[in-house]
Amino acid sequence: MKLLKTLAATAALAFAVNANAAPEKDVRFVGETQFSGFCKAVVLDDVKVLRSNLARNVGRIGASQREVLRMVTAENGLTCNGVNLIKFSAEREANSVHEYLTSRS
């Protein structure tokens, strides 16, 4: 539980969106960026990036990729723009990532 609270505290990321910027440059990570790869996967709607981040955090967050996924998708787990990962993917209309997250969590 302590790890989950630490994860939630350190992974809270804020995004600033500039409507005039190019799509690749319209997102800026602010704050602790240790787990920003999960939010980046949603922004890019890229399951490959998401799975890479799951694998990279095995041993740090959980003992397996499934456990890492469970921890970062928990309601009080990782947040992007102040909301959990699943809700953030729905808001960003990241359909591929959203489908992956909801089918496995």
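Sequence order as written defines the numbering, with residues in each chain counted from 1. In keeping with the model being predicted, local features are shown solely for residues with a pLDDT of at least 70 and side-chain atom pairs are shown and tallied solely at 80 or more, while totals for entire chains, interfaces and linings include all residues. Side-chain metrics in this entry use all non-hydrogen atoms of the structure; hydrogen atoms and water are not considered.

Draft legend 1. Region of the structure containing the overall build of the protein. Summing up its helical and strand segments, the protein has six helices and four strands in all. Along the protein, helices and strands appear, N-terminal first, in the series α-β-β-α-α-α-β-β-α-α. Counting only residues that meet the buried cut, the protein has 37% of its 105 residues in that class. Put simply, of all contacts in the protein between residues at least 6 apart along the chain, 51% involve residues at least 24 apart. Of the accessible surface of the protein, which amounts to about 6100 Å², a share of 49% is contributed by carbon and sulfur atoms. Runs of E in the DSSP output that reach at least two residues are strands. Runs of H or I that reach at least four are helices, and both are numbered from the N terminus. Relative accessibility decides the category of a residue: with a 1.4 Å probe and only protein chains considered, values under 20% of the type maximum give buried, values over 50% give exposed, and everything between is partly exposed. Residue contacts are counted whenever heavy atoms from the two residues lie within 4.5 Å of one another. Method for areas: the Shrake-Rupley scheme with a 1.4 Å probe, in which residue coverage is limited to the protein chains shown.

Draft legend 2. Quick look at helix α2 (residues 36–44). Burial in α2 covers these residues: S36, G37, F38, C39, A41 and V42. One or two positions beyond α2, positive phi appears at D45, with a value near 50°.

Draft legend 3. Spotlight on the side chain of N84. Inspection of the secondary structure puts N84 in strand β4 (residues 83–84). For N84, a relative accessible area of 11% translates into the label buried. Residues within four places of N84 in sequence aside, it is in contact with T73, A74, E75, L78 and T79.

Draft legend 4. Inspection of the packing of helix α4 (residues 65–73) against helix α6 (residues 95–104) at higher detail. Only the stretch in contact is used when a helix axis is fitted, and all axes are lines through C-alpha atoms; the angle between N-to-C directions ranges over 0 to 180 degrees. Across the interface, α4 lies against α6 with an axial gap of 10 Å and an inter-helix angle of 105°. When the axes of α4 and α6 are compared, the pair comes out roughly perpendicular. Where α4 approaches α6, its residues R66, L69 and T73 are matched on the opposing element by Y100, L101 and R104. In the contact of α4 with α6, the residues fall into three nonpolar, one polar and two charged. Put simply, angles under 35 degrees are roughly parallel, angles over 145 are roughly antiparallel, angles from 65 to 115 are roughly perpendicular, and the rest are oblique. Lys, Arg, Asp and Glu make up the charged group, whereas Ala, Val, Leu, Ile, Met, Phe, Trp, Tyr, Cys and Pro make up the nonpolar group; the residues left over, Gly among them, are polar.

Draft legend 5. Looking closely at the packing of α2 against helix α3 (residues 47–56). α3 packs onto α2 with a crossing angle of 165° between their chain directions and a minimal axis gap of 8 Å. When the axis of α2 is compared with that of α3, the two are roughly antiparallel. Classified by chirality, the crossing of α3 by α2 is left-handed. Together, G37, F38 and A41 of α2 and V49, L50, N53 and L54 of α3 make up the contact between the two elements. Grouping the constituent residues of the contact of α2 with α3 by class yields five nonpolar, two polar and no charged. The sense of a crossing depends on the near helix, which, turned anticlockwise from the far helix by less than a right angle, makes the crossing left-handed and, turned clockwise, makes it right-handed.

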